[in-house]
Amino acid sequence: MWSGQFVHLTQSWNNYKCLDASTTTWMDYLEKNGYHTKMMGKLDYTSGSHSVSNRVEAWTRDVQFLLRQEGRPVSQLVGNMSTVRIMRRDWRNTDKATRWIHQTAASSQQPFALYLGLNLPHPYKTASLGPTAGGSTFRTSPYWLRKVSSELVSVPKWLPLTAMHPVDYYSTFTKNCSGSFTEEEVRSIRAFYYAMCAEADAMLGQVIAALRETGLLNNTVLIFTADHGELAMEHRQFYKMSMFEGSSHVPLLIMGPGLKSGLQVDRLVSLVDLYPTVLDIAGIPAIGNLSGQSLLPLLSTSSGFSKKQPADWVFSEYHGCNANASTYMLRSGRWKYITYADGLSVPPQLFDLTRDKDELHNVVLKFPHVQVHLDKLLRSVVDYPEVSAAVHYYNKKAFSEWQRSLGRNYSQVIANLRWHIDWQNDVLANERAIEKWLHGHSQGRPKPSRGPKQNLNMWPLFSKVNYLMRLREFCTAVFDFILNGTNLSRVVWCCS
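Residues numbered from 1 in each chain as written. Predicted model: local features only at pLDDT ≥ 70, side-chain atom pairs only at ≥ 80, totals over all residues. Heavy atoms only, no water.

### Remarks on the sheet that holds strand S12 (residues 335-340)
Applied cut-off: Between any two strands, pairing holds if DSSP finds at least two bridges. A helix here means a DSSP run of H or I that spans at least four residues, while a strand means a run of E at least two residues long, and both kinds are numbered starting from the N terminus. Axis definition: a line fitted to C-alpha atoms, over the contacting stretch in the case of helices. Angles run 0 to 180 degrees between N-to-C directions. The contact definition used throughout considers only heavy atoms, calling two residues in contact when any of these lie within 4.5 Å.
In space, the 4 strands of this open sheet follow the order S10-S11-S12-S13, with antiparallel pairing throughout. The sheet is open, and its two borders are formed by strand S10 (313-318) and strand S13 (349-352), each paired with just one other strand. Averaged over all pairs of adjacent strands, the angle between their axes in this sheet comes to 15°, without regard to strand direction. Bridging between S10 and strand S11 (residues 327-332) involves 6 bridges; their strand directions are antiparallel. Within S11, the residue paired with Ser316 across the bridge is Met329. The sheet strands contacting helix H11 (residues 368-381) are S10, S11, S12 and S13, and the helix crosses S12 at an angle near 65°.

### A few points about the nonpolar core
Here is the rule: What is meant by a nonpolar core is a set of buried Ala, Val, Leu, Ile, Met, Phe, Trp, Tyr and Cys residues, joined one to another through side-chain atoms within 4.5 Å. Only protein chains enter the accessibility calculation, which uses a 1.4 Å probe. A residue is then buried if its area is under 20% of the maximum for its type, exposed if over 50%, and partly exposed in between.
Counting 40 residues, the largest nonpolar core has Phe399, Ile414 and Ile434 as the members making the most contacts within it. Elements with a contribution of two residues or more to this core: helix H3 (52-59), S11, S12, H11, helix H12 (384-406), helix H13 (410-415) and helix H15 (427-439). Sort the elements by how many residues they give to this core and H12 lands first, with 8 residues. Phe399 has contacts with Val56, Trp59, Thr60, Tyr410, Ile414, Ile434, Trp437 and Leu438, leaving out every residue within four places of it along the chain. Among the nonpolar cores identified, the runner-up in size contains 29 residues, and Val148, Ala200, Met203 and Met233 belong to it.

### A closer look at a positive patch on the surface
Selection criterion: Patches draw on residues past 30% relative accessible area with no salt bridge. Two like charges within 9 Å are joined, as are two nonpolar side chains (Val, Leu, Ile, Met, Phe, Trp, Tyr) within 5 Å. Accessible surface area values rest on a Shrake-Rupley calculation with a 1.4 Å probe, where residue burial reflects the displayed protein chains alone. Definition used for salt bridges: Asp or Glu carboxyl oxygen within 4 Å of a side-chain nitrogen of Lys or Arg. Asp and Glu are treated as the negative residues and Lys and Arg as the positive ones, with His and the ends of the chain left uncounted. In plain terms, the charge of a residue is placed at NZ if it is Lys, CZ if Arg, CG if Asp and CD if Glu.
On the surface, Lys38, Arg88, Arg89, Arg92, Lys96 and Arg99 cluster together into a patch of positive charge. Looking at which element gives the most residues to the positive patch, the answer is helix H4 (residues 88-103), with 5 residues.

### Here we look at the sheet that holds strand S4 (residues 124-125)
Strand order in this open sheet of 3 strands is S2-S5-S4, and the pairing throughout is mixed. Edge positions in the open sheet fall to strand S2 (74-77) and S4, since each of these has one partner strand only. Alignment of S2 against strand S5 (residues 135-140), held across 4 bridges, turns out to be parallel. Note that in S5 the partner of Val74 across the bridge is Thr137. Sheet strands in contact with helix H7 (residues 183-213) are S2, S4 and S5, and its direction is about 70° off that of S5.

See the structure below:
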């Protein structure tokens, strides 16, 4: 969103290694072109932020251990019907934003650009788990909870643990969601999440009210979006770090002068589109190698835009914690294609979102031609095996440097990160697993997570599945070559 480029182009591999401080953002361009700019609230897009636990978990995702990295998700009701401000930090920043609108933007002779970053609806830190705990508490008050229609809160369907894709199982386990949950627990977590969304909506309402009170609303473009979604117990997970819809499908609302009112655009768009869109709205030519495209032609009331059709696909990638393989997702039409690592060692997933909105049925073997087509399209966007290898190298290098920097304190520090409860079960085995990962043989086929018994023998099965898939691709490529005589390189690739 900030760079206008895909993750692999900026090498922002995790929440610690983000953008370089020298990266030119769209806010920088606006400022250079005469805008009075102000950013406040959550700003964690440059390198060096987030917890030590978060970065170490990302670096060690290939290590052959399985440790819970989060607290079990729970709901917590606080206050009473008059308790409105639960996320106080976000409210303080919202107050600052509205004061800035009244005191600065309203009297400025320059055009302005204001960015407000909220933490909601992230879950809150679970204090009972100690100072290194992550956020797993869904907290709200009766004031916000009453705004949720409880009878409409559904309980999502789950696959059995033994039927889950290995990367999804790793995510479920490390997020501490592999235990038993009652329907009431799940329904409560989801209701509290919606109430937290309602509180965030109220903050947006306060900003809109400030613009209206100062007479700026009718001359201001307002954009509301999020850097990720939130799995509210869909797929037996909470939080993000997943390509399932709850995590990867984010809101994008745009209003302002010269834009169509009440329009719902059903095209696939991406956060990388915001950079060129903002510049286009401001009348500033986009510079550099941007991955996205302006959305203004889809939104503007003017007819003076190019009729060129935008891309009919969107792409996402993830390389951080709570997923034990680099993950790549391509959405095109009805299909969502997800592949991992080098494309061979971990089986891909394919979902038909028109027939399977819950994403419970992987149909990659049922529609091999779709998988081949989407993988070819994906490889035209990113050489994902090469990117995965680069991330693997970075993780080892970054962890080694961190380990050396701690000296004799290493064992104590790593044992007291947010996985500390599971770490203490076998300290020596966990340290040995890390040393084997660091100093053992070169990266090979990943081994299964130590989950349900059925999962222990999954990788041989995946080897057979991948062999059959490669054989199918080979036969398809040969057939195409015989017919067209132009695709010999693909035949060779399928044989490799």
